[in-house]
Amino acid sequence: MTEFPRPAAGSWPPMNSPGYGSTRKRHALHPPIIIPHTLSETSAPRFTPSAYPAHADMSVHEGQAAMGERIIVGGRVLDEDGRPVRGAMLEIWQANAAGRYHHVRDQHDAPLDPHFAGSARVFSDDEGRWQITTIKPGAYPWGNHAKAWRPVHIHFGLHGQGFAQRMITQMYFPGDPLLPLDPVFMATPDAAARERLIAKFDLDYAVENWALGYRFDIVLRGRNATPMEDHK
Amino acid sequence: MTTTASQTAGPYWHIIDHPEWADLRRGENAAMAGTTITLTGQITDGDGTPCGDAMVEIWQAGPDGAYEAGFHGFGRCASDDQGRFRFTTLKPGPVPGPGNSLQAPHITLAVFARGLMNHVTTRAYFADEPLNEADPILALVPEARRPTMLARETAPGVWTLDIRLQGADETVFLDI
């Protein structure tokens, strides 16, 4: 039996985050209605690699290497008890090395890379582990305020074992000077919660003479309601 | 451990879009018996402006009221320039609720978009459904706001539920 506690106060960004202009007309004025979890929330779509094929390498597109710094990003998907979430589907998307999305609405004056499409899909294994190969994305300007640039980031969408676990987040990179200036990143009140959105530079993921590595562990809502004897 | 913070999906999530996912009769679902319906609606913001960059996901039981027991109940649709989404699916059956209760047929909707720090979640019920009267979740919603969760049959087999993110007739969102 799994339960899905609500996120701790301050650990998630408020829907009304005035520094991020797009929240102004899009946040609900009424508080959401808290409901008991029924099958509709505790069950989740079954995503399988056969119906949803995995592709873990964004650094090569149609047989050609993308421009930029190749990196490996990996980590674990865990629940709030630190147990691995197995079989979670991760959908990942990002800008290219120049800070341009392969997207018709992205008009940033930076080059597209014909060898970079910018999406991946992977599944966590029995230990909750997942890994991708990609290109370190670039920062890019956006219209939120004067000289606003998004810090370098990669988008992650996660599908867990209950629809209540569904979430989308962004992974940031350590040492990025744009982080304290970014209203999306800074909207999360708790500094420790913000820190957890920043990947760790991790040579364990690096491959000799080929790519550096970053680790990003993702914790989904949920814990086992019945303590198990194998819990360490 | 503390959960990883949600972050906005932003305006460029279409990089992971698969328009065919808006048709839940795809793949192995094609062989499932049931009543084919369209679920559509328009997403607007606090100014009534259509949200043309939203990602809508649905999650539902099959015609037998069971989740993932044959019928794969997941779909995703991008809103168009008019903020409209459109799914083709099979009408779900009633789903067991807390205790011995029964939930009226419903489809869970999650909306992700630029400006939404976390996705918002609601349910589409079917306006003509007698089971709505006893639904344990609808019962938690103030009566005056319940219509925002009732899809109306606007053409034969076409059920419409508009989603207003903010303001007058704001959609009831659920903290799930």
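Heads up: these notes are all about the structure in this document. (Residues numbered from 1 in each chain as written. Chains lettered and ligands numbered in written order. Predicted model: local features only at pLDDT ≥ 70, side-chain atom pairs only at ≥ 80, totals over all residues.)

### What to know about the overall build of chain B
Thinking step 1. A count of helical and extended segments in chain B gives zero helices and 12 strands.
Thinking step 2. Walking chain B from its N terminus toward its C terminus, one meets helices and strands in the order β-β-β-β-β-β-β-β-β-β-β-β.
Thinking step 3. For chain B, the C-alpha radius of gyration of 16 Å lies close to 16 Å, the compact-globule estimate for 176 residues.
Thinking step 4. Summarising its shape, the C-alpha atoms of chain B cover approximately 45 × 40 × 40 Å along the three principal directions.
Thinking step 5. Partitioning the intrachain contacts of chain B with sequence separation of at least 6 by distance along the chain shows that 68% fall at a separation of at least 24. (Helix = DSSP H or I, 4+ residues; strand = E, 2+ residues; numbered from the N terminus. Rg over C-alpha atoms; globule rule 2.2 N^0.38 Å. Contact = placed C-beta atoms within 7 Å.)

### Details of the interface of chain B and chain A
Thinking step 1. Contacts between chain B and chain A engage 54 residues on the former and 62 residues on the latter.
Thinking step 2. For the side of chain B that touches chain A, the element with the highest residue contribution is strand β7 (residues 106-112) of chain B, accounting for three residues.
Thinking step 3. By residue class, the composition of the side of chain B that touches chain A is 28 nonpolar, 20 polar and six charged.
Thinking step 4. Sheet topology places strand β2 (residues 33-34) of chain A next to strand β12 (residues 174-175) of chain B; two bridges connect them, and they run parallel. Within the sheet, the bridge partner assigned to A:Ile34 lies in β12(B) and is B:Asp175. (Nonpolar A, V, L, I, M, F, W, Y, C, P; charged D, E, K, R; others polar. Pairing = 2+ DSSP bridges.)

### Things to note about the pairing of strand β1 (residues 36-44) of chain B
Regular strands place their side chains on alternate faces of the sheet.
Residues and elements named next belong to chain B.
Thinking step 1. Across seven bridges, the pairing between β1 and strand β4 (residues 84-90) is antiparallel. Paired with Thr-38 across the bridge in β4 is Thr-88.
Thinking step 2. Strand direction decides the pairing type here: β1 and strand β11 (residues 163-164), joined by two bridges, are parallel. Residue pairing in the sheet places Ile-43 in a bridge with Ile-163 of β11.

### Focus on the sheet that holds strand β6 (residues 89-93) of chain A
Residues and elements named next belong to chain A.
Thinking step 1. One open sheet accounts for four strands, arranged β7-β6-β11-β12; its pairing is antiparallel. The sheet is open, and its two edges are formed by β7 (119-123) and β12 (167-172), each paired on a single side. When the angles between neighbouring strand axes are averaged without regard to direction, this sheet yields 25 degrees.
Thinking step 2. Across six bridges, the pairing between strand β11 (residues 153-159) and β12 is antiparallel. If you follow Gly-157 over to β12, its bridge partner there is Ile-168. (Axes fitted to C-alpha atoms, helices over the stretch in contact; angles between N-to-C directions.)

### Some thoughts on unusual backbone geometry
Thinking step 1. Although it is not a glycine, A:Glu62 adopts a positive phi angle of roughly 50 degrees.
Thinking step 2. For A:Glu62, the position within the fold is in the loop between β3 (60-61) and β4 (64-65).
Thinking step 3. Residue A:Glu62 is classed as exposed on the basis of its 7 C-beta neighbours within 10 Å.
Thinking step 4. Unusually for a residue other than glycine, B:Asp169 sits at a positive phi of about 60 degrees.
Thinking step 5. With respect to the secondary-structure elements, B:Asp169 resides in the loop between β11 and β12.
Thinking step 6. Under the C-beta neighbour-count criterion, B:Asp169 is labelled exposed, with 10 such atoms within 10 Å. (Buried ≥ 20, exposed ≤ 12 C-beta atoms within 10 Å, placed from the backbone.)

### Quick notes on the environment of A:Arg70
All names here are of chain A.
Thinking step 1. By secondary structure assignment, the location of Arg-70 is in strand β5 (residues 70-78).
Thinking step 2. For the pair Arg-70 and Ala-54, spaced 16 residues apart in sequence, the C-alpha to C-alpha distance is 19 Å.
Thinking step 3. Those residues within four positions of Arg-70 in sequence are excluded, and the remaining contacts are Ser-59, Thr-133, Ile-135 and Ala-211.

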